[in-house]
Amino acid sequence: MDKHAYRAIDWIEGLQLLPHPEGGYYRQTYVSPEEITDAELTVSYQGSRHLSTSIYFLLTKDSVSHFHRLKSDELWYFHAGAPLTVYVIHPDGRLEALKLGLDLARGQRPQVLVPKGCIFGSALDDDTSDYALVGCMVSPGFDFQDFELFGRDELLSRFPQHEDVIVKLTPPPFSTP
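Here is a short report on the structure shown in this document.

Put simply, S139 and P140 share a cis peptide bond, and its omega is -10°. The residue P140 is located in the loop between strand 12 (131-139) and strand 13 (148-149) in this model. Positive phi is not limited to glycine here, since Q16 has a value of about 55°. Tracing the sequence through the fold places Q16 in the loop between helix 1 (8-14) and strand 1 (18-19). Residue Q16 is classed as exposed on the basis of its relative accessible area of 56%.

In structure tokens:
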């Protein structure tokens with residue numbers, strides 16, 4: 001099958017992707033057998049971490065990657081589908097929009113870096129496809145202990161200047177009837 005004929009469901013089933021807590025779908029593809037402790041790093045971890053981990057990550061036109069933060073750097077690699085934007089809120093409050101895709105003339109890059117300690121999320125840029133398939137490599141390796149998901153109210157109180165993108169990349173606040 002031509003890769004341009006693939007649909008999101010073909011990748012989800014073919015790569016055995018599972019729903020991710022931040023949105024989208026994923027499957028871990030690599031875990032380094034080597035480990036490191038925070039004694040060698042500028043970040044505090046409980047226990048040790050693998051040197052690196054890697055996943056497939058797929059977003060659909062109906063999903064986003066909600067704003068979250070990691071204690072490690074994360075490299076994103078474009079594989080197929082529509083381009084996407086990784087929105088990064090740096091510790092100083094600056095918002096950066098990293099374009100992930102293959103159209104260099106439109107400012108896209110096939111690889112982007114999200115530095116450790118930044119708050120970030122992502123969404124498809126256009127409707128050229130119903131999905132974006134990327135790879136994400138985290139170093140030191142991903143561990144859910146280091147995963148922090150953010151709510152809309154918290155981010156709006158800290159970064160009101162980024163309201164549009166915060167509303168886009170956070171679930172609505174929970175309300176009781």
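Let's shift gears to the nonpolar core. With 23 residues, the main nonpolar core has F57, W76, L84 and V86 as its most contacted residues. Only strand 5 (53-60), strand 7 (73-81), strand 8 (84-89), strand 9 (95-100), strand 10 (111-114), strand 11 (119-124) and strand 12 provide two or more residues apiece to this core. For this core, the element with the highest residue contribution is strand 12, accounting for 4 residues. Core analysis: the next-biggest nonpolar cluster, separate from the first, contains 12 residues, F67, I119, F150 and F159 among them.

Here we come to the environment of G81. Mapped onto the elements of the fold, G81 is located in strand 7. The class of G81 is partly exposed, set by a relative accessible area of 31%. Put simply, G81 and D130 are 49 residues apart on the chain and 7.3 Å apart in space, counted from C-alpha to C-alpha. If sequence neighbours within four positions are ignored, G81 has contacts with S129 and Y131.

About the criteria used
Residues numbered from 1 in each chain as written. Predicted model: local features only at pLDDT ≥ 70, side-chain atom pairs only at ≥ 80, totals over all residues. Heavy atoms only, no water. Helix = DSSP H or I, 4+ residues; strand = E, 2+ residues; numbered from the N terminus. Buried < 20%, exposed > 50% of the residue type's maximum accessible area, 1.4 Å probe, protein only. Core = buried A, V, L, I, M, F, W, Y, C linked by side-chain atoms within 4.5 Å. Contact = heavy atoms within 4.5 Å.

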